[in-house]
Amino acid sequence: MSEWPILTVLIFFPVAACLVLPFIRGDRAVRVFSLGVGLIELLLALPLLRFDLSASGYQFQEKAAWVPQWGLHYHLGMDGISLLMVLLTVLLLPLCVLCSWTYISRRIKEFHFSLMLMTSACVGVFLALDFVLFYIFWEAMLVPMFLLIAVWGGPERRYASLKFFLYTLAGSTLLLVAMVAFYLAGGTFSIPELSAKSYPFGFQCWTFLAMAFAFAIKVPMFPFHTWLPAAHVEAPTAGSVLLASILLKMGAYGFLRFCLPMTPTASVYFAPLMIAGSIASILYGGFVALGQHDMKKLIAYSSVAHMGFVTLGIFLFTLRGLEGALMVMLNHGITTGALFMLVGCIYERSHSREIGQNLGLGKYLPAYMGFFGLFALSSLGFPGTNSFVGEALVLIGAFAHTPWVGAAAVPGVMLGAAYMLRLGQKLAWGEPTKAKAWPDLNVREWVYFAPLAVLVIYIGLAPGLTLRAMDPTLTRVLDEFRRRSAMAAAEVAAPLPGWVVTTRSELPASDPAPVLPR
Amino acid sequence: MEFNVHMVLPELVQLAIVLALFLKSVAKSSKSDGFFARVLPLAAGAGMVAAGFSLGTEGILFWESYKIDGLSQFFKFAVTLGFTIAVLNASSQPTLEPEKRADYFLLLALSALGLMCLASAVELVTIYLALELSSYSLYALIPLRGREPRAAEAGIKYILFGAAATALSLFGLAYILAGQHSSYLAVLTGRPWTWAAAPVGVIGLTLFMAGFFYKLALFPFHFWAPDVYDGASNETAAYAATLPKLGAVVILIRLAAMLTPGLQITTVLAVLGAASMTFGNLAALTQQDIKRMLGYSSVAHAGYVMVGLVAASASGLAAAGFYSLIYVLMNLTCFWVICRLATDGRNLQLNDLNGLYRRAPFLAFVLAVAALALVGLPPTAGFMGKLFLLSAAWNRGYDWLVVVAALNTAISIYYYLNLIRHAYTVEADGDEVTPPLPAAGGAVWGGVLAGLLLLLGAVPAPVFKWAEAAGRQLMP
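Residues numbered from 1 in each chain as written. Chains lettered and ligands numbered in written order. Predicted model: local features only at pLDDT ≥ 70, side-chain atom pairs only at ≥ 80, totals over all residues. Heavy atoms only, no water.

Quick word on the overall build of chain B
In terms of regular secondary structure, chain B is built from 19 helices and 2 strands. Relative to a compact globule of 476 residues, whose C-alpha radius of gyration would be 23 Å, chain B shows 21 Å and is just as compact. Viewed in the frame of its principal axes, chain B has a C-alpha envelope of about 70 × 50 × 40 Å. Sequence-distant contacts, at least 24 apart, represent 80% of the contacts inside chain B between residues at least 6 apart. Surface summary for chain B: the accessible area is close to 15300 Å², and the carbon and sulfur share equals 70%. (Helix = DSSP H or I, 4+ residues; strand = E, 2+ residues; numbered from the N terminus. Rg over C-alpha atoms; globule rule 2.2 N^0.38 Å. Contact = heavy atoms within 4.5 Å. Areas by Shrake-Rupley, 256 points an atom, 1.4 Å probe, with all protein chains shown as cover.)

Structure (structure tokens):
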């Protein structure tokens, strides 16, 4: 059992299932099969419970030579950050299958094919410890997501899917350049090894900017957010859920995994910019959400605001901030995923996402409204729900960092309350209602909301376990970061001979292309 | 060096194919269907196996003008691989009269033979002869498309451009001889190539390279590419778009091995590469005809190959060689689908792909893989090729070229994605006639090609090691 390659299995089981999928006949059989795959994937994740909560390093590591000429390795590993993200991803696959049970009525096989490929790629992103492997998974999820939006999306799906694809790809091309630069500067593609080296300040600056551009688009941070509302509104429910719950987290994950460890000095240098961007996201997302009358758009803009809290937490460089950021990542995944499912649910009844077409549900769909109320409260960070923990931690960190940063973020919380309560009020008590003949939640819908609701309350009331899972890793990341940025700060104080020169002089002896010019 | 038959085995097999086809074309027997559909691909496959076995052989022949080394054998393998696929692809060509078949394949095989010789030629006049052998056959191939006037036009364009470029090349050859007093690459390698030390040689080499830029369709020698692709039959375009590029790349690799970063010629290469990829990608954005689009895309890909050449390091040359192999594979895959879909041999427009997922789901998948590989998206081989190119070129003095190449990927995604978009997300019009599903063989070979692209993306190491060995031999 100790040799069981648990991470590889987690990544490639859905891919293997995709190979079987074309041979399954019948729509219902495809759905049942996909649900089964999701549940088995969930079971396959059970060995992750052996995760040692007190250890700060990578666990369950797997490493094999891949392209020895270029020093590429097939290297997987899991720490506290990736543990939570992977669990979230794996949990969402069966729920996505369930919430598409009746929503998706054509090209069902292809739909589930894309869904499973997405899951594989997402799990892969969080587990890869080789830069190239990471990049491969990072890009591999673009195509299934593009198809999810472009094939099963709403009327503007063409525009939205292209915008999504072009935006994210434009960001990741620069990530590719940064990756190549790191390879030549550090002599390896291995993420842990690259993170242990230090680089000259000039080099850090532009690699930070290249990576931050890619991650900021993915997060998305103001002003790179414009693809998100379009993509969210047009995507089918499952697509929106994956987009909100997992894809956005990859940007934040990238900041944690690459920017902080590899470019600590540049992170400090650019932190004011990133903090400003985060606060802009929080306030802008909140204000724009306030004016929406399309439910999905409203939640999409609220995502921009929530992700602003995440990047804010990361660039405070305090343990509370990082804990908060990771908590918000996790909780936003749970809550916003559930909210998108709720919108999909009501869309199947009213065939409209307009708030005005879905008024007064409270009397006729009490169970639906109950769930909606819970997730809406969670989204606005009501004490006792999961999001409160994360946002409170970020705010504590922000006030500890600089009071005015915290003060600037606080209106975001109030805005959250304003737009969510306004939405909830109209849905529950608005007039005139059309909901008289609509059925309340059925068993299938109960089944996929219940686990998320349990998580909302569990993490809200007892966040201890989650915090214990992430703390050792975050402490390690932060200690490393502090040590190296302090070290590098001394270096910055000394005059440097210029960007290009320092970049060159830093080439190690084991340069993989040691061919000297003739 | 002793002459040894096994050293030139791939060429001999190819020569045997040429001779057999020559006899066939003279005999003019009418019952030749089985021959072109079965025997010829098998023979081409045998050539590929021979080339595979000869990987790793070394030697120098014919008064030191013909070198068997890692590079030549790698490219011969690539040529035979491409030739096999091209023959399979062209075996049932709708726009080719049956009586011209033997001649068609004779010219095709002859052109491939010329490319194989090109891979080994290390003396300027030999290079020139091999280049002409491969080009002249191709000049005659382009217009062979039924009674299509556009094909004739394409043929004339190709030969005129070709003649002009070849003249430039010859002119350059004369200058090199005058300036550097040798036509042997081995001698030329030791000579200085700076403007200050050898201005005549630098001009000569630049002009000589122009002939190969034309073959490669590098900006500004690219004007023929879209028109020729457009005019020639789908099957001929598949060949003309892929294999001749191999011949050009192999010579450019040999010539680039003489250069170092920072030389004026290298800078010219870098600038042309950047211009080529940017122009090719921008021009491809608006194309509706798939073959024209691929024509401009090949201009862009010629630019990518330059990234490896200007690195002037073993890994750079290896990456360029590897990338051109991948390029041949992914383009042939794309053309494979086009040829299967255009059952009447017409030019396909983007709209012809509408609803392909419903009509031919497997071919749609193959096309998607090829398109993603052309973009350079993981997990396809196109990504690995591009990654190696960019890694090799970084910190070699042309970092800006790497950034330009990466940004170009973002531009190019739009039109490649268009292929996938039309195939998967746009529904066909109701009145459109559903073409019959391709014969099982067509889908199977398409699947093999797509599988190769994915496989080389997942495990590029076994193939890349040959390219790497070739690069190390050139620049130890």
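On we go from here.
A look at the pairing of strand 2 (residues 72-78) of chain A
Working note: regular strand, side chains alternate between the two faces of the sheet. Residue and element names in this part refer to chain A. Among the 7 residues of strand 2, 6 are classified as buried, and the element is accordingly described as predominantly covered. Where strand 1 (residues 59-67) meets strand 2, 6 bridges bridge the pair, whose relative direction is antiparallel. Bridging from a neighbouring strand, Ala64 pairs with Tyr74 of strand 2. Linking strand 1 to strand 2, which pair antiparallel, is a turn of 4 residues; within it Gly71 sits at a positive phi near 65°. (Buried < 20%, exposed > 50% of the residue type's maximum accessible area, 1.4 Å probe, protein only. Pairing = 2+ DSSP bridges.)

Examining the environment of Val271(B)
All names here are of chain B. Mapped onto the elements, Val271 comes out in helix 11 (residues 264-284). According to the relative accessible area criterion, Val271 is partly exposed, its value standing at 45%. Sequence separation of Val271 and Phe219 is 52 residues, and the distance between their C-alpha atoms is 9.8 Å.

Examining the packing of helix 13 (residues 314-341) of chain B against helix 16 (residues 381-393) of chain B
Residue and element names in this part refer to chain B. Two elements in contact, helix 13 and helix 16, have axes separated by 9 Å at closest approach and are oriented at 160°. Classified by the interaxial angle, the pair formed by helix 13 and helix 16 is roughly antiparallel. Between helix 13 and helix 16 lies a crossing of left-handed hand. Here Ser315, Gly316, Ala319, Ala320, Phe322, Tyr323, Ile326 and Met330 of helix 13 lie close against helix 16, whose contacting residues are Ala381, Gly382, Gly385, Lys386, Phe388, Leu389 and Ala392. Grouping the constituent residues of the contact of helix 13 with helix 16 by class yields 10 nonpolar, 4 polar and 1 charged. (Axes fitted to C-alpha atoms, helices over the stretch in contact; angles between N-to-C directions. Parallel < 35°, antiparallel > 145°, perpendicular 65-115°, else oblique. Left-handed = near helix turned anticlockwise from the far one by under 90°. Nonpolar A, V, L, I, M, F, W, Y, C, P; charged D, E, K, R; others polar.)

Description of helix 19 (residues 461-474) of chain B
Here helix 19 of chain B spans 20 Å end to end across 14 residues, near enough to the 20 Å set by a 1.5 Å rise per residue. Looking only at helix 19 of chain B, the buried set comprises Ala461(B), Phe464(B), Ala467(B), Glu468(B), Ala470(B), Gly471(B) and Leu474(B). Buried-residue contacts for helix 19 of chain B involve strand 1 of chain A together with helix 3 (70-90), helix 10 (234-256), helix 13 and helix 16 of chain B. (Expected span 1.5 Å × (residues − 1).)

Considerations on the side chain of His75(A)
Residues and elements named next belong to chain A. Position of His75 among the secondary structure elements: in strand 2. Its relative accessible area of 5% is what places His75 among the buried residues. At 2.7 Å, the side chain of His75 forms a polar contact with the side chain of Gln61. Excluding residues that lie within four positions of it along the chain, His75 makes contacts with Gln61, Glu62, Lys63, Leu127, Ala128, Leu129, Asp130, Leu133, Ser190 and Pro192. (Polar contact = N/O pair within 3.5 Å; in protein donor to acceptor, adjacent residues only side chain to side chain.)

Comments concerning the nonpolar core
Counting 387 residues, the largest nonpolar core has Phe131(A) and Phe134(A) as its most contacted members. Among the elements that line this core, the one with the most residues is helix 13 of chain B, at 20 residues. Excluding its chain neighbours within four sequence positions, the residues that come into contact with Phe131(A) are Leu175(A), Met179(A), Phe182(A), Phe189(A), Ile191(A), Leu194(A), Met211(A), Phe258(A) and Met262(A). Met7(B), Val8(B), Leu61(B) and Tyr66(B) belong to the second-largest nonpolar core, a separate cluster that totals 5 residues. (Core = buried A, V, L, I, M, F, W, Y, C linked by side-chain atoms within 4.5 Å.)

Details of the packing of helix 3 of chain B against helix 10 of chain B
Residues and elements named next belong to chain B. At a minimum axis distance of 9 Å, the contact between helix 3 and helix 10 shows a crossing angle of 175°. As judged from the angle between their axes, helix 3 and helix 10 are roughly antiparallel. Between helix 3 and helix 10, the residues in contact are Leu71, Ser72, Phe75, Ala78, Val79, Gly82, Phe83, Ala86, Asn89 and Ala90 and Glu235, Ala238, Tyr239, Leu243, Leu246, Val249, Val250, Ile253 and Arg254, respectively. Partitioning the contact of helix 3 with helix 10 into residue classes produces 14 nonpolar, 3 polar and 2 charged.

Concerning the interface of chain B and chain A
On the chain A side, the residues contacting the 49 residues of chain B number 42 residues. Here chain B packs against chain A, burying approximately 4000 Å² in sum over the two surfaces, 74% of which is carbon and sulfur. Sorting the residues of chain B by area buried against chain A places Trp394(B), Asn395(B) and Arg421(B) first, and these three jointly supply 15% of that buried surface. Linking chain B with chain A are 0 salt bridges, by the criterion used here. Seen at the junction of chain B and chain A, the total is 2 residue pairs in polar contact (both at pLDDT 80 or more). Among the elements of the structure, helix 13, helix 16, helix 17 (399-424), helix 18 (440-458) and helix 19 of chain B are those that each provide at least two residues to the side of chain B that touches chain A. Of the residues belonging to the side of chain B that touches chain A, the class tally is 33 nonpolar, 10 polar and 6 charged. (Buried area = accessible area lost by both parts, 1.4 Å probe. Salt bridge = Lys/Arg side-chain N within 4 Å of Asp/Glu carboxyl O.)

A short note on the state of the cysteines
Per the counting criterion, the structure on display carries 0 disulfides over all chains. Of all cysteine sulfurs, the one in Cys99(A) lies closest to Cys96(A), which takes part in no disulfide; the gap is 5.1 Å. (Disulfide = S-S within 2.5 Å.)

Some thoughts on a nonpolar patch on the surface
Together, Val5(B), Leu9(B), Leu12(B), Leu15(B) and Leu19(B) give the surface a local cluster of nonpolar side chains, amounting to about 400 Å² of exposed area. You can see Leu15(B) is positioned in helix 1 (residues 9-27). (Patch = residues over 30% accessible without salt bridge, like charges linked within 9 Å, V, L, I, M, F, W, Y side chains within 5 Å.)

That is the geometry; function is a separate question.
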